[in-house]
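Survey of secondary and tertiary structure
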Amino acid sequence: MKGKGLVKFFAIVLGLICLAELFPTLYVNRIESKANSLSNGTEASRRAELEKLAKDTLNLGIVKMNYYDAKKNEMQLGLDLKGGLNLLLEISEKDLLLDLADNSENPVFRKALEIATSEEVKSRNTYTSNFFKAFQVAKIELNQSNLQLSSPEVFGTRDLANQIQHNTTDEDVEKYISGVIESKVTKAIDVIRARIKKLNIDEPNIARVPGTGRILVELPGVTDADRVKKLLQTSARLEFWEVYDQPTAWAYIMDVNQKIADNKLTSLLKLSNRSNALAVAKLSDTAAINKIIYSDKAKKLLPVGLRYIKLLWASKPDSKSNNELELYAIRGTKNNKAPLVGAVTEASLTFDQFNRIQIGMQMGPESALVWKGMTEKNIGKPIAVVLDDVVYTAPNVNSIIPNGQSVISGNFTEREANDLVDVLKSGNLPAKAKIIQSEVVGPTLGQQSINNGLLSIVVSYVFILAWMIFYYGKAGLYANIALILNLFYLIGIMASTGAVLTLPGIAGMVLSMAMAVDANIIIFERVKEELRRGRPLKQAFMEGQKHALAAIIDGNLTTLIVGIVLLFSTGPIKGFAVTLVIGIFCTLFTAIFITSMFIYGSMEKGKNFSLATSITKNWFTNVHFKWMEKRKYAYIFSLIIMVVALVSMFTKGFDKGVDYTGGRTYVIKLEKNIYPEEVTASLEKLFTNEGESSNINAKKYGEGNQVRITTKYGMDSNDPNIDVVIREKLYSGLKKYLPTNYSKDNFVKGSPYGIQSSSEVGPTVASGIVRNGVIAVSIALAGIFLYILVRFRNWQMSTGAVAALLHDSIVVMGAFSVLSWLKIIPFSVEIDQSFIAAILTIIGYSINDTVIVFDRIRENKKNNAHHLMTLEELYNDAINHTLGRTINTGVSTIMVTVIIFFFGGETLQGFMFALFLGFTFGMYSSIYIASSLSYDLTRYKYDKEASNPKLSSSVK
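A brief look at the structure comes next. (Residues numbered from 1 in each chain as written. Predicted model: local features only at pLDDT ≥ 70, side-chain atom pairs only at ≥ 80, totals over all residues. Heavy atoms only, no water.)

Glancing now at the overall build of the chain. In terms of helices and strands, the chain carries 31 helices and 21 strands. Considering the chain as a whole, with its 956 residues, one finds that 54% of them fall into the buried category. A fraction of 75% describes how many contacts in the chain between residues 6 or more apart in sequence connect residues 24 or more apart. When the accessible surface of the chain is summed, it comes to about 43,800 Å², and 57% of that surface belongs to carbon and sulfur atoms. Where the 104 positive side-chain charges of the chain centre and where its 89 negative ones centre are 5 Å apart. (Helix = DSSP H or I, 4+ residues; strand = E, 2+ residues; numbered from the N terminus. Buried < 20%, exposed > 50% of the residue type's maximum accessible area, 1.4 Å probe, protein only. Contact = heavy atoms within 4.5 Å. Areas by Shrake-Rupley, 256 points an atom, 1.4 Å probe, with all protein chains shown as cover. Lys, Arg positive; Asp, Glu negative; His and termini not counted. Charge placed at Lys NZ, Arg CZ, Asp CG, Glu CD.)

A separate point is the sheet that holds strand S21 (residues 754–761). The eight strands are arranged S4-S5-S3-S17-S21-S18-S20-S19 in an open sheet whose pairing can be described as antiparallel. Where the open sheet ends on each side, the last strands, each with one partner, are strand S4 (205–208) and strand S19 (696–701). Mean inter-strand twist for the sheet, computed between neighbouring axes without regard to direction, equals 20°. Here S4 pairs with strand S5 (residues 214–220) via four bridges, running antiparallel. Each bridged residue has a counterpart across the sheet, and for Arg208 the counterpart in S5 is Ile215. (Pairing = 2+ DSSP bridges. Axes fitted to C-alpha atoms, helices over the stretch in contact; angles between N-to-C directions.)

Time to look at a nonpolar patch on the surface. A contiguous nonpolar surface patch, about 470 Å² in accessible area, is contributed by Leu6, Phe9, Phe10, Val13 and Ile17. Topologically, Phe9 is positioned in helix H1 (residues 4–38). On the accessibility criterion, Phe9 (49% relative accessible area) is partly exposed. (Patch = residues over 30% accessible without salt bridge, like charges linked within 9 Å, V, L, I, M, F, W, Y side chains within 5 Å. Salt bridge = Lys/Arg side-chain N within 4 Å of Asp/Glu carboxyl O.)

Looking now at the pairing of strand S20 (residues 703–711). Across the nine residues of S20, seven count as buried, placing the element largely inside the fold. One ladder, built from six bridges, connects strand S18 (residues 663–669) with S20; its direction is antiparallel. Of the residues in S20, the one forming a bridge with Lys669 is Gln706. In this sheet, S20 lies alongside S19 in antiparallel orientation, the contact comprising six bridges. When the bridges of S20 are listed, Ile696 appears paired with Thr711.

In this model helix H10 (residues 246–259) runs 20 Å from its N-terminal to its C-terminal C-alpha over 14 residues, within 8% of the 20 Å that 1.5 Å per residue would give. By the burial criterion, the buried members of H10 are Ala249, Trp250, Tyr252, Ile253, Val256 and Asn257. One side of H10 holds all its buried residues, which, seen down the axis, span an arc of 155°. For H10, the exposed residues set more than 90 degrees away from the buried face come down to Pro247, Gln258 and Lys259. (Expected span 1.5 Å × (residues − 1). Arc of directions from axis to C-beta.)

If you look at the biggest cluster of nonpolar residues, it comprises 125 residues, and the most contacted ones within it are Phe524, Ile788, Leu840 and Ile843. With near-sequence residues (within four places) excluded, Leu840 lies in contact with Val562, Leu566, Ala776, Val777 and Ala780. (Core = buried A, V, L, I, M, F, W, Y, C linked by side-chain atoms within 4.5 Å.)

Time to look at the side chain of Glu525. Tracing the backbone through its elements, the reader meets Glu525 in helix H18 (residues 503–532). Looking at Glu525, the relative accessible area reads 7%, which means it is buried. Residues in contact with Glu525, not counting those within four places in the same chain, are Tyr471, Tyr472, Gly884, Arg885 and Asn888.

Applying the stated criterion across every chain yields a total of 31 aromatic pairs. Residues Tyr67 and Tyr68 carry aromatic rings whose centres are separated by 5.5 Å and whose planes lie at 75° to one another, so their mutual orientation is edge-to-face. Overall, the relative accessible area of 5% leaves Tyr67 in the buried class. Between Tyr489 and Phe589, the aromatic rings sit 6.2 Å apart at their centres with planes inclined by 50°, giving tilted as the arrangement. A residue pair is termed long-range when its members are at least 10 positions apart, and Tyr489 in helix H17 (residues 474–497) and Phe589 in helix H20 (residues 571–604) qualify at 100 residues. (Phe/Tyr/Trp six-rings, centres within 6.5 Å; stacked < 30°, edge-to-face > 60°.)

Ordered by their spatial adjacency, three strands build an open sheet running S12-S13-S16, and the pairing between neighbours is antiparallel. Two strands lie at the open edges of the sheet, namely strand S12 (344–351) and strand S16 (405–409), each paired on one side alone. Sheet twist, expressed as the mean angle between neighbouring strand axes with direction ignored, is 25°. Running over the sheet, helix H14 (residues 365–377) touches strand S13 (357–363) and S16 and is turned about 110° from S13.

What follows is about the pairing of S5. Counted residue by residue, S5 has five buried out of seven residues, so it is predominantly covered. Two elements, strand S3 (residues 84–91) and S5, share seven bridges in a ladder whose sense is antiparallel. Opposite Gly84, over in S5, you have Pro220 as the bridge partner.

Quick look at the environment of Leu646 now. Relative to the elements of secondary structure, Leu646 occurs in helix H21 (residues 631–651). Each C-alpha atom of the pair Leu646 and Ser817 lies 9.1 Å from the other, and the pair is 171 residues apart in sequence.

Further remarks concern a positive patch on the surface. Judged by side-chain charge, Lys8, Lys474, Lys605 and Lys607 come together as a positively charged surface patch. Mapping Lys8 onto the fold places it in helix H1.

A separate point is the environment of Glu105. Looking at the secondary structure, you find Glu105 in the loop between helix H5 (93–100) and helix H6 (107–119). A polar contact of 3.3 Å, which involves the side chain of Glu105, links it to the side chain of Arg110. (Polar contact = N/O pair within 3.5 Å; in protein donor to acceptor, adjacent residues only side chain to side chain.)

Under the counting rule described, the total for this entry stands at zero disulfides. Between Cys586, a free cysteine, and Cys18, which holds the nearest cysteine sulfur, the sulfur-to-sulfur gap is 7.4 Å. The class for Cys586 is buried, based on a relative accessible area of 5%. (Disulfide = S-S within 2.5 Å.)

Counted according to the given criterion, the structure contains 32 salt bridges. Glu242 serves as the salt-bridge partner of Arg331, at 3.7 Å between the closest nitrogen and oxygen. Separated by 89 residues along the polypeptide, Arg331 in the loop between strand S10 (324–330) and strand S11 (340–341) and Glu242 in strand S6 (residues 238–242) bring together distant segments of the chain. Residue class for Arg331 comes out partly exposed when judged on its relative accessible area of 33%. Two residues, Glu530 and Arg533, come together in a salt bridge whose shortest N-O distance is 3.0 Å. Here Glu530 falls in the buried class, since its relative accessible area comes to 0%. Here the residues in one salt-bridge network are Arg526, Glu529, Glu530, Arg533, Arg535, Arg856 and Glu859, joined through shared partners.

Next up on the list: the packing of H21 against helix H27 (residues 795–822). With their axes 8 Å apart at the nearest point, H21 and H27 run at an angle of 50° to one another. In this view, H21 runs oblique relative to H27, as classed from their interaxial angle. Of the two possible hands of crossing, H21 and H27 adopt the one that is left-handed. Side by side, H21 and H27 meet where Ser638, Ile641, Met642, Ala645, Leu646, Ser648 and Met649 of the first sit next to His807, Ile810, Val811, Met813, Gly814, Ser817, Val818 and Trp821 of the second. (Parallel < 35°, antiparallel > 145°, perpendicular 65-115°, else oblique. Left-handed = near helix turned anticlockwise from the far one by under 90°.)

Checked against the element boundaries, Ser150 lands in the loop between helix H7 (127–141) and helix H8 (170–197). At 3.2 Å, the side chain of Ser150 and the backbone oxygen of His166 are in polar contact. Once residues within four sequence positions are removed from consideration, Ser150 is found in contact with Gly156, Ile164, Gln165, His166, Thr168, Asp170 and Val173.

Next up on the list: the environment of Leu6. Tracing the chain through its elements places Leu6 in helix H1. Along the backbone, Leu6 and Gly78 are 72 residues apart, and their C-alpha atoms lie at a distance of 36 Å.

The subject of this paragraph is H7. With 15 residues, H7 should cover 21 Å at 1.5 Å per step; its first-to-last C-alpha distance of 20 Å lies within 8% of that length. Of the positions making up H7, those classed as buried are Tyr127, Thr128, Asn130, Phe131, Phe132, Ala134, Phe135, Ala138 and Lys139. Each element contacted by the buried residues of H7 is listed here: H5, H6 and H8. Positive phi shows up at Asn143, right after H7, with a value of about 60°.

Next up, the structure:
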């Protein structure tokens, strides 16, 4: 073997690099395992033991490290494996535009905001760029074509007078406003980063999503998700408002109750008798009340004296109020600006005379002057202290406050008060930061995912290694050594690049290993062909490897196209793609060079080795099946399946997950085995308003006592307590399935029963996922078509290949559609992000199989320049000669999907089921769609060339 020494050098160097990259992870795991074994089982004890062990320094001569150094360089686990919180925050560009326009009521400005908001769910542009386009459209629609962005009714305000004059062009205004908004979003990221730093979370990840106002936040190990969400969403915009007297505001509420609410409000709201609030209501009823009092119908009933009223809730229920929340009637203003927006220069935790926790604040000079005038005007009257449209306190003013000092009281715990102090100190966000996507994974579920992932790796590897030895004998043993090195290199490279290991990533790892044996199988099958032609072993191996190389490269490059497309995704799809792409490069190195190095080394030592066992020796040899004769039956079979699939897809549709529809999902563990239908019935009344269709659905999730609950309840709510409200309803509806007297706190923490994980996807994110999924599949198909067209210079093959990929995709989607409404299988067949990853993986696998056949067809054509074989014989021969490879690779990959399906946990079951269907039909379609269609499209040209020898030279 030429270059054997170089291959050995690279293999050793790469191995040492990977070992060095993985060593910190091994060292950290050793220290943490030892700390766990020495502790008494409590977290405090574990930390104490860890601190003792962390003081020791490991000294191996050239390698010195302690626990903390190693911890910084260990391989990172995704949140689905270690538990934690994943958030996608969006800074409201709409609010920024409103603020810059001084809350203008200009109809063109408002219409442009309305159009931009509707475009948000389907456009890839920023909200701001959509607004400027919409502004031009709104001018025409409202017949105000002369209105300019520099108008005092739009951005030509007093605050922006130095930057925007009356003659400033629209182009210059756009440029300036876009720059201001960009700087404000950048500031928001800095503020959020400062707040997270106060939480002392290990290795947080905070990054802006390029080209958007969105911020990705990953916080491993976080258990109190509510605290973090509140901390990050609070804009720290502190406002001071006057309060309406109770009789005036209550009269309006009763008018709404009678005219549009059918007297429902009287059962939900009651007049307050404390702390200057208007009314009180149960926390669980606030969403229903909001729907009424914030409706357009309610606004039309406002009397002239209350036209700017703001109805705001208190920050949290009073501990003595039986979980009731107070509603305040705030005296609003025309431009929705508070009389005083507090510019806080200092904030600290203090205590009042009764030792209750307060937050003391000091305002800047200008705010202090306004505060003095406001308190002087309202002596004996209440002033509400509002933070992010939530009322923290509304005390009566007893005297003038001349020095800019004030306090916030609000039934705080010490931690809540400290968090609020940190928020005020870190500065205010320029606009609201809304959570548009979130995922919370409990540590128990994370550990379960690790166990499932490791088990699926072990079982899959044992199967693949055993199969290779069973089928190829000693050659299979050499391939297995390369396969083990492949896994080592893959994990080491992931560690060195900082890639995060996720559960889908583990699936990608196992799958890439199954596909890695494909390269060895292709080589071994070609060598066996050369041996059957009578060549000696060494020459047969050299010839077989030479002929196999093109097929291996073509197959892996087409899969790489799909992997690269997947890399531009996010979340679980990206984790899968990272391992798939790295795995492809590791496969090419180990299969082509490492396996060959072992085999050539064996031959140079004069040792014999086998390429088959006594059982498999003659498998798939001398196959002369006439595949093309049966293609018309296959066309009919495929046509029937595709018609059924398409009819189901366009009539019944799919069971769409929250990734595509928006909503919330909760995985909940109960005490006893239950029927999902019972759970749905228990929760339906709590989550469905009168006159509406059901808003909640429960499905079995893994074990018999675990359910996955999805709901859209509260997705359009601005209530900051909506998450708390939903959990209250879940606890109330599921209490009978929990142990007696099981507390709500334990239910929320999920220990041992209750919420194990939760996720939320907003409508704008959901629409983006749909759009990106369609784009990803389209790009993958186009890329593969172009690659095959360039590589084979044959449009018939490109057409056949893409038709086969479409066939496989439609079959899998159709199966998911049919099974979703038949409801005969015990696992989820929802369409979500992972399903798109499955479709793209199927495309990658199916095209790999097709390219192997096409490579052999091309080779046969070159060897058949004088048309000694008919086209049908040529195609049949190509398929028969590659049948061994097709079956072997198919068995490996399909069995691995089955193994991961059963051992990888319920999270991956739908994903693996899609792959199982796709891989199975991929083997079929490479013969009876791709090859058959290519054959039919080529027949005319081939027959014409066969009848005219002068054209034969053009056959390639």
